[in-house]
Amino acid sequence: MKIIKALLLVVLILVLAAGGLVGYLTLTEYRPDDIEQLEVTQAARSDNVRVGERLDVLTFNTGYCGLGRDQDFFMDGGSMVRPENKEIVQENMNGILSELARQNADVYLLQEVDFDSYRSYYVNQADTYRHGLSLNMAVAYNYKCDFVPFPWPPLGKVESGLVSFTGLNVTQATRESLPVPFTWPMRVANLKRCLLVERVPVEGTDKELVIINLHLEAYDDGEGKRAQTEQLMQIIAAEYRNGNYVIAGGDFNQTFEGADTFPVLDESTWQPGKLYNSELPAGFSYVFDASKPTCRLLDKPYDGDRENAQLYVIDGFIVSDNLKVNLIQTVDLNFQYSDHNPVLLQVTPQ
């Protein structure tokens, strides 16, 4: 009888602790407004956009500097929650910064940048990139939770999001919320996806270049991706009707129609959604490089054997037809610093 009472007491304590944690996370849940104004951290450069002058835009999901080639991840079938030590995070971050600087782009659209997270040993990656690039910076949180209680050991505190860097003259930056596919209680410790939208005047015209940084849903049943994609399409269509130039780039977590270069090796593993040309508003096209992978599955560390690694093309751009596309190229870093490769776009406003 004493053993039964002791077991019941343990169960009661665990239930109360779990209930208390859910209650705390519910009270402190990150609940951003539909649209929020963002601060643009100013730097020395503030260039104008001009018709006929080329712009280079780079998108890169940096994997919070914790998903380099030696890492796997529990959500993809691996076992790891974070790298073994802080030095790995710093090495990945320094490698990413070196590559960003080497590309010398006009705009950088970065996803999965950590500011103060247990999984990346609380390294503020955005500050490192900002000081290294000396460009204007805007930040939009899409994951902000005091304690993520899963898996085991748990993810713990996460503060992460989208960061856009540019030397262009940004007059406004906003965080625009996307639909959240999760319900309570899973919602309280999950991502709140968004778009980071920046506006840059086009010299000599009344038009703007609208630059959208995005990272759509990953681990949902597919409906979240669809709802978020539909909202994105509505936003870019409205900007185009207003006569603006539009570039939306990032990690879509969906493959593009015509990007079937890399076969599915195991249908039981994570698979992206699919983007179709018919879903695009008039005046837009998907721009991607299907010759090289932009992402790998994190079921195991990456040894360079591409025939036995699950690879994807899920990073790229949507571009309005008043921008001439000069180049689209996946920068093949062979997943050295992240589970993604950066993608470079070169366009000219017409």
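Residues numbered from 1 in each chain as written. Predicted model: local features only at pLDDT ≥ 70, side-chain atom pairs only at ≥ 80, totals over all residues. Heavy atoms only, no water.

Trainee: Now, about the overall build of the protein chain: what can you tell me, with residues and values included?
Mentor: Along its length, the protein chain carries four helices and 18 strands. Relative to its length of 350 residues, the protein chain is compact, with a C-alpha radius of gyration of 21 Å against a globular reference of 20 Å. Principal-axis analysis of the C-alpha atoms places the extent of the protein chain at approximately 85 × 45 × 40 Å. Buried residues in the protein chain amount to 53% of all 350 residues. Partitioning the intrachain contacts of the protein chain with sequence separation of at least 6 by distance along the chain shows that 75% fall at a separation of at least 24. Carbon and sulfur atoms make up 52% of the accessible area of the protein chain, which amounts to about 15,200 Å² in all. Computed over 29 positive and 48 negative side-chain charges, the inter-centroid distance for the protein chain is 4 Å. (Helix = DSSP H or I, 4+ residues; strand = E, 2+ residues; numbered from the N terminus. Rg over C-alpha atoms; globule rule 2.2 N^0.38 Å. Buried < 20%, exposed > 50% of the residue type's maximum accessible area, 1.4 Å probe, protein only. Contact = heavy atoms within 4.5 Å. Areas by Shrake-Rupley, 256 points an atom, 1.4 Å probe, with all protein chains shown as cover. Lys, Arg positive; Asp, Glu negative; His and termini not counted. Charge placed at Lys NZ, Arg CZ, Asp CG, Glu CD.)

Trainee: Report on the sheet that holds strand β9 (residues 208-215), specifying residues and quantitative values.
Mentor: Strand pairs in the sheet, formed through backbone hydrogen bonds, run parallel or antiparallel to each other. In space, the seven strands of this open sheet follow the order β1-β7-β8-β9-β10-β16-β13, with mixed pairing throughout. Each end of this open sheet is capped by a strand with a single partner; those strands are β1 (35-37) and β13 (284-287). If you compare each strand with its neighbour and ignore which way they point, the axes differ by 20 degrees on average. Where strand β8 (residues 194-201) lies against β9, seven bridges are found, and the strand directions are antiparallel. Bridging from a neighbouring strand, Pro201 pairs with Glu208 of β9. (Pairing = 2+ DSSP bridges. Axes fitted to C-alpha atoms, helices over the stretch in contact; angles between N-to-C directions.)

Trainee: Any chance you could break down the pairing of strand β6 (residues 156-166) for me, citing the residues and the numbers?
Mentor: Within β6, 10 of the 11 residues are buried, leaving the element largely enclosed by the surrounding structure. Strand direction decides the pairing type here: strand β4 (residues 107-114) and β6, joined by six bridges, are antiparallel. Bridge pairing links Val107 to Thr166 in β6. Sheet analysis places strand β5 (residues 136-148) next to β6, joined by 10 bridges and oriented antiparallel. When the sheet's bridge partners are listed, Tyr141 is paired in β6 with Gly161.

Trainee: Please set out the sheet that holds β6 residue by residue, giving values where relevant.
Mentor: If you trace the seven strands from one edge of the open sheet to the other, you get β2-β5-β6-β4-β3-β18-β17, paired in mixed fashion. Each edge of the open sheet is held by one strand with a lone partner, namely β2 (40-41) and β17 (323-330). Of the strands in this sheet, β2, β4, β5 and β6 touch helix α3 (residues 125-133), which is tilted by about 155 degrees from β4.

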